[in-house]
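Secondary and tertiary structure notes
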Amino acid sequence: MTSILFLAIGIAVAVALVGSVAFQSLSPTNDDVLSPLEKKCQEIANEGYRIHSLYPDSNPEELLEDDMNRLLYLDNLWIKDCVSVLPAESIFSIVNNVERDFSYGE
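Residues numbered from 1 in each chain as written. Predicted model: local features only at pLDDT ≥ 70, side-chain atom pairs only at ≥ 80, totals over all residues. Heavy atoms only, no water.

**Quick notes on the state of the cysteines**
Counted according to the given criterion, the structure contains 1 disulfide. Each sulfur of the disulfide joining cysteine 41 and cysteine 82 lies 2.0 Å from the other. Disulfide cysteine 41-cysteine 82: torsion about the S-S bond near -105°, hence left-handed. Of this pair, cysteine 41 sits in helix α2 (residues 36–54) while cysteine 82 sits in helix α3 (residues 65–83); the two residues are 41 residues apart in sequence, bridging distant segments of the chain. For cysteine 82, a relative accessible area of 0% translates into the label buried. (Disulfide = S-S within 2.5 Å. Helix = DSSP H or I, 4+ residues; strand = E, 2+ residues; numbered from the N terminus. Buried < 20%, exposed > 50% of the residue type's maximum accessible area, 1.4 Å probe, protein only.)

Set out below in structure tokens:
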């Protein structure tokens, strides 16, 4: 009798776990939805990363003048429009989602 009870409890737990996983996978999440400002900040971060990746071991003085000016402009935008406005959670999410897969010919 006890083994049947344990079997029923085990099946109930397994069904609850499978149901929970199915429910989470079918329900839409808003984690990937970015506000227009967050999208703009994501683009700024992506472009800044592209420039930084072209000069991985260089000092700022070793950058080409156009790249250095663009990077300074992006840094200014990043601080003014993103860091000073968005909550820390959004900033960290943007930084963690920087596109790292790109070709240099873009």
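**Observations concerning helix α4 (residues 88–96)**
Turning to α4, its buried residues are Ser90, Ile91 and Ile94. End-on view of α4: buried residues confined to an arc of 100°, all on one side of the axis. Within α4, the exposed residues directed more than 90 degrees away from the buried face are Glu89, Phe92 and Asn96. Of the surrounding elements, those touching the buried residues of α4 are α2 and α3. (Arc of directions from axis to C-beta. Contact = heavy atoms within 4.5 Å.)

**Section: a nonpolar patch on the surface**
Together, Leu5, Phe6, Ile9, Val13 and Leu17 make up a nonpolar patch on the protein surface, roughly 520 Å² of accessible area in all. By secondary structure assignment, the location of valine 13 is in helix α1 (residues 2–26). (Patch = residues over 30% accessible without salt bridge, like charges linked within 9 Å, V, L, I, M, F, W, Y side chains within 5 Å. Areas by Shrake-Rupley, 256 points an atom, 1.4 Å probe, with all protein chains shown as cover. Salt bridge = Lys/Arg side-chain N within 4 Å of Asp/Glu carboxyl O.)

**Structural notes on the pattern of salt bridges**
Summed over the entire model, instances satisfying the criterion amount to 3 salt bridges. A salt bridge links aspartate 81 to lysine 40; the nearest nitrogen and oxygen atoms lie 2.8 Å apart. Linking aspartate 81 in helix α3 with lysine 40 in helix α2, this pair joins segments that are 41 residues apart in sequence. Assessed through its relative accessible area of 37%, lysine 40 is described here as partly exposed. Two residues, arginine 70 and glutamate 47, come together in a salt bridge whose shortest N-O distance is 2.7 Å. Of this pair, arginine 70 sits in helix α3 while glutamate 47 is found in helix α2, placing the two residues 23 residues apart along the sequence. The exposure class assigned to arginine 70 is partly exposed, which follows from its relative accessible area of 33%. You can call glutamate 47 partly exposed: its relative accessible area is 26%.

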